[in-house]
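Structure assessment
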Protein chains: 2
Amino acid sequence: MLNYQAPLDLAFQALSDPTRRIMVERLARGPASVSELARPLAMTLSAVVQHLGVLEASGLVRSQKVGRVRTCRIEPKALTAAERWIAERRANWDRRLDALGAYLDETEPQPKSRRKS
Amino acid sequence: MLNYQAPLDLAFQALSDPTRRIMVERLARGPASVSELARPLAMTLSAVVQHLGVLEASGLVRSQKVGRVRTCRIEPKALTAAERWIAERRANWDRRLDALGAYLDETEPQPKSRRKS
DNA sequence: CTGATAGTTAAGCATTAACTTAAGTATAGA
DNA sequence: TCTATACTTAAGTTAATGCTTAACTATCAG
């Protein structure tokens, strides 16, 4: 009924493939052409282009063609969005643990003894 | 030939599904039973159990059964691993941009004029 | 013991993903 | 202009995903 794919779906999905992570890793060191991206990969150029399509659809990578070469570069904003989602959950969890710790300290101030009061 | 799934594959893959992100989000607020996880989700318990399977396989969630209820909790370490991968790529990219900026400043120290010297 | 609760497991099914091969289309350079 | 380069696009194949239904197995409570 609702066919909209949240940005995070696409970003995490894109990052879940090792080939695509290698591509992102390469692009983090600077822009590259499609052939350059393909060079270290054990698959056809065609397949690489398709991976690139996934990366672009996710917003993690942009590219532009000039002459016959397409130059790709990373889009750090999309990367940040994914990073932040994780960071927020983890922060939430850590905060909860801290609160729990404080509560335990309060109800049972003894340093290291007695299972039950 | 190599059938090993890197931890990151599994973690990102797990996070790419909105249902599973809702589950993680819930668990970030504290442990929960399978039924509790299922309550807000528009699908059968069976499906939820399968999603939980994916989350556990990825290491993002652990669970233990006591009596007839299975209690699930987040595993922050796995979350951190994914977060760090992204952070490192982004940092790499930012560092590169900084270096590029410095280089440009050096070769063309004029504050805001002249497209070409 | 009996029923309700909490979860498990196995099929089955429709969709999407990750490739491959094959056949194009534009440049760029000699 | 001819040829190699750098992609592009379209099928087609195989496997993995995200569900569902259905049938089962343990608790727990009365």
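Residues numbered from 1 in each chain as written. Chains lettered and ligands numbered in written order. Predicted model: local features only at pLDDT ≥ 70, side-chain atom pairs only at ≥ 80, totals over all residues. Heavy atoms only, no water.

DNA strand D sits among 21 residues. The nearest are Ser-35, Arg-68 and Arg-70 of chain A together with Gln-50 and His-51 of chain B. The sugar and phosphate moieties of DNA strand D supply 64% of its atoms located within 4 Å of the protein. One of the side-chain nitrogen or oxygen atoms of Ser-46 of chain B is found 3.1 Å away from a base oxygen of DNA strand D. Elements with a contribution of two residues or more to the surface near DNA strand D: α3 (34-38), α4 (45-58) and β3 (69-74) of chain A together with α2 (18-28) and α4 (45-57) of chain B. At four residues, the largest contribution of residues to the surface near DNA strand D is made by α4 of chain B. (Near = heavy atom within 4 Å. Polar contact = N/O pair within 3.5 Å; in protein donor to acceptor, adjacent residues only side chain to side chain. Helix = DSSP H or I, 4+ residues; strand = E, 2+ residues; numbered from the N terminus.)

Okay, the protein's contact with DNA strand C next. Neighbouring DNA strand C are 22 residues; Gln-50 and His-51 of chain A together with Ser-35, Arg-68 and Arg-70 of chain B lie closest to it. For DNA strand C, the backbone portion of the atoms within 4 Å of the protein, that is sugar and phosphate, comes to 67%. At 3.2 Å, a side-chain N or O of Ser-46 of chain A approaches a base oxygen of DNA strand C. Note that a phosphate oxygen of DNA strand C is positioned 2.6 Å from one of the side-chain N or O atoms of Arg-70 of chain B. Among the secondary structure elements, those contributing two or more residues to the surface near DNA strand C are α2 (18-28) and α4 of chain A together with α3 (34-38), α4 and β3 (69-74) of chain B. Broken down by element, the residue count for the surface near DNA strand C peaks at four residues, all from α4 of chain A. Residue composition of the surface near DNA strand C, grouped by class: six nonpolar, ten polar and six charged. (Nonpolar A, V, L, I, M, F, W, Y, C, P; charged D, E, K, R; others polar.)

Residue and element names in this part refer to chain B. Across six bridges, strand β2 (residues 61-66) lies against β3 in antiparallel orientation. Paired with Val-61 across the strands is Ile-74, a residue of β3. Linking β2 to β3, which pair antiparallel, is a turn of two residues; within it Gly-67 sits at a positive phi near 65°. (Pairing = 2+ DSSP bridges.)

Before going further, it helps to spend a moment on the interface of chain B and chain A. Each side of the interface is counted separately: chain B has 31 residues, and chain A has 31 residues. Together chain B and chain A conceal approximately 2,900 Å² of surface at their shared face, both sides included; 67% is due to carbon and sulfur atoms. Applying the counting criterion to the chain B and chain A interface returns six salt bridges. Taking the shortest distance from any N to any O, the salt bridge between Arg-21 of chain B and Asp-9 of chain A comes out at 2.6 Å. Taken together, chain B and chain A are joined by four residue pairs in polar contact (both at pLDDT 80 or more). For the side of chain B that touches chain A, the elements supplying multiple residues, two or more each, are α1 (7-15), α2, β3 and α5 (76-107) of chain B. Of the residues forming the side of chain B that touches chain A, the biggest block, 13 residues, is contributed by α5 of chain B. Split by residue class, the side of chain B that touches chain A holds 17 nonpolar, five polar and nine charged. (Contact = heavy atoms within 4.5 Å. Buried area = accessible area lost by both parts, 1.4 Å probe. Salt bridge = Lys/Arg side-chain N within 4 Å of Asp/Glu carboxyl O.)

Per the stated rule, a full pass over the model turns up three aromatic pairs over all chains. Arranged with centres 6.1 Å apart and planes meeting at 25°, the rings of Phe-12 of chain A and Phe-12 of chain B form a pair that is stacked. Of this pair, Phe-12 of chain A sits in helix α1 (residues 7-15) while Phe-12 of chain B sits in helix α1, placing the two residues on different chains. The two residues Phe-12 of chain A and Phe-12 of chain B agree in class, both being buried. Ring pairing ties together the aromatic residues Phe-12 and Trp-85 of chain A together with Phe-12 and Trp-85 of chain B, which thus form one cluster. (Phe/Tyr/Trp six-rings, centres within 6.5 Å; stacked < 30°, edge-to-face > 60°. Buried < 20%, exposed > 50% of the residue type's maximum accessible area, 1.4 Å probe, protein only.)

With that settled, the discussion passes to the confidence of the model for chain A. The predicted coordinates should not be examined in detail at positions where pLDDT is low. When the pLDDT values of chain A are averaged, the result is 86; 79% of them are 70 or greater. Counting contacts from residues 111-117 of chain A, a segment whose pLDDT is below 50, to residues more than four positions away or on other chains yields three contacts. (pLDDT = per-residue confidence, 0-100.)

Our focus in this paragraph is the relation of the copies chain B and chain A. Structural alignment of chain B on chain A gives an RMSD of 0.0 Å, achieved by rotating through 180° and translating 0.0 Å along the axis. Taken together, these values place the two copies in the relation of a two-fold axis. The fraction of interface residues of chain B whose copies in chain A are also interface residues reaches 100%, indicating that both copies meet through the same surface. (Least-squares fit on C-alpha atoms with pLDDT ≥ 70 in both.)

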